[in-house]
Amino acid sequence: AKLLGDRRHIAFSEDMAQRSIEMMNLENDLRHALNREELELHYQPKVSGHDGSVVGAEALIRWRHPRLGLVGPGDFIPLAEESGLIIPMGRWTLVTACKQYMLWQAEGIAPDSVSVNVSMRQFTDTSLLESVRDVLETTGIPPGCLDLEITESVMTGNVERAVSILNGLKSLGVTLSMDDFGTGYSSLNYLKTFPIDTLKIDQTFVRDLSHDTKDAAIVTTIVTLARNLGFNVIAEGVESHDQLAFLIGSDCPLFQGYLASRPLPVDAFTEFLRSRLPR
Ligand code: C2E
Ligand code: CA
Ligand code: CA
Ligand code: CA
């Protein structure tokens, strides 16, 4: 038994060592990913529940790794945050999404806005405001067509500072969405002081909407809350017609999810926009 225990121990440490080597490689690879143009943005439509029209596009980052294939953000955003790479990466994302929006606009197929995710580390970095101002200037995107998605986590730090950053962004003319709404720790109180435009109902509430009466109650309540406070509201992670029917019944006007489309590589998404042109 002792021998077995030891072997297990050895196997375990080798595994751990292998893992940390892989992680170190990944961080090293990530450093070059930007220059080697291995990062790409996929886009997922934000859709009107009433007529199916595409009102927006959310940019979601992917890494086309030379050996590992397509790597999702869950596997490298935390690494990018730790290493600080998230700052140049975030700048690249902003520029790329806004340039792409302008191409859609030139073709006459642009939705109302393009949304870019901004994580906690990016949000608190002093360069954010400057980056956004810069991208508006260099790409010429109308400020109102750029939407930034932030999470409630920005409220867990210095609230006054967060509000002042948000006000700074708003003064540039961009819109702000509160992502994953309902999953954070913050109090409802911030909704009074936050200059946000849209609440995004987190997909965990949407998942079991059709058979979980508590989730259904939460969704209905968020929609009412948004309406009464003058915010837009959108539900994410909508996969079924049942979920959509419930949302429409609850007066949630917009949705996002596999039911409308998965996030698509840029060419496929552009085709999607063309096929949805109002006739
Ligand atoms: P998020 O912003 O909450 O994005 C929604 C996630 O749900 C995306 O995963 C999307 O692909 C997925 N999703 C969309 N529709 C459905 C659906 O109907 N069902 C299910 N089960 N999932 C759906 P993804 O692309 O893996 O992104 C994960 C997270 O990574 C994002 O969560 C966001 O927090 C972060 N992220 C993505 N792109 C960026 C980026 O450019 N910058 C930063 N800072 N974070 C990003
Ligand atoms: Ca998002
Ligand atoms: Ca979300
Ligand atoms: Ca999320």
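Residues numbered from 1 in each chain as written. Chains lettered and ligands numbered in written order. Predicted model: local features only at pLDDT ≥ 70, side-chain atom pairs only at ≥ 80, totals over all residues. Heavy atoms only, no water.

Per an unreviewed UniProt entry, the recorded name for the chain is EAL domain-containing protein, and the organism is Roseospira navarrensis.

On to the packing of helix α3 (residues 86-107) against helix α5 (residues 128-139), then. It is at 10 Å that the axes of α3 and α5 come closest, and there the two elements cross at 30°. The angle between the axes of α3 and α5 places the two elements in the roughly parallel class. For α3 against α5, the interelement crossing comes out right-handed. Of the residues in α5, those in contact with Arg91, Leu94, Val95, Cys98, Lys99 and Met102 of α3 are Ser131, Val132, Val135 and Thr139. Classifying every residue of the contact of α3 with α5 by side-chain character gives 6 nonpolar, 2 polar and 2 charged. (Axes fitted to C-alpha atoms, helices over the stretch in contact; angles between N-to-C directions. Helix = DSSP H or I, 4+ residues; strand = E, 2+ residues; numbered from the N terminus. Parallel < 35°, antiparallel > 145°, perpendicular 65-115°, else oblique. Left-handed = near helix turned anticlockwise from the far one by under 90°. Contact = heavy atoms within 4.5 Å. Nonpolar A, V, L, I, M, F, W, Y, C, P; charged D, E, K, R; others polar.)

Let us now look at the coordination of the calcium ion (ligand 3). The protein atoms that coordinate the calcium ion (ligand 3) are Asp179 (OD), Asp180 (OD), Glu236 (OE) and Glu236 (OE), at distances of 2.2 to 2.5 Å. Mapping the donors of the calcium ion (ligand 3) onto the primary sequence gives the spacing D-D-x55-E. Taken as a pair, the calcium ion (ligand 3) and the calcium ion (ligand 2) show a spacing of 4.1 Å, with aspartate 179 coordinating each metal. Residue aspartate 180 is classed as partly exposed on the basis of its relative accessible area of 25%. (Donors = N, O, S within 2.8 Å, 3.2 Å for Na, K, Ca; no water. Buried < 20%, exposed > 50% of the residue type's maximum accessible area, 1.4 Å probe, protein only.)

In the vicinity of ligand 1 lie 21 residues, with Gln44, Arg62, Gln122, Glu239 and Tyr258 positioned nearest. Here isoleucine 61 contributes a backbone N or O atom positioned 3.1 Å from a nitrogen atom of ligand 1. Separating an oxygen atom of ligand 1 from a side-chain N or O atom of glutamine 203 is a distance of 3.2 Å. Burial of ligand 1 by the protein amounts to 79% of the accessible area it has alone, namely 810 Å². At the level of secondary structure, the elements contributing two or more residues to the shell around ligand 1 comprise β2 (54-65) and β6 (175-181). The leading source of residues in the shell around ligand 1 is β2, at 4 residues. (Near = heavy atom within 4 Å. Polar contact = N/O pair within 3.5 Å; in protein donor to acceptor, adjacent residues only side chain to side chain. Areas by Shrake-Rupley, 256 points an atom, 1.4 Å probe, with all protein chains shown as cover.)

Next up on the list: the pairing of strand β1 (residues 39-48). Judged by how many residues are buried, β1 sits mostly within the fold: 10 of 10 residues are covered. The side-chain alternation of β1 yields two buried faces, one formed by Leu39, Leu41, Tyr43, Pro45 and Val47 and the other by Glu40, His42, Gln44, Lys46 and Ser48. Bridging between β1 and β2 involves 9 bridges; their strand directions are antiparallel. For valine 47, the partnering residue across the bridge sits in β2 and is valine 54. Taking the residues between adjacent antiparallel strands as the criterion, β1 and β2 are bridged by 5 residues, where glycine 52 takes a positive phi near 75°. Here β1 runs beside strand β10 (residues 264-265); their pairing, made up of 2 bridges, is antiparallel. Looking at β10, one finds that tyrosine 43 is bridged to leucine 264. (Pairing = 2+ DSSP bridges.)

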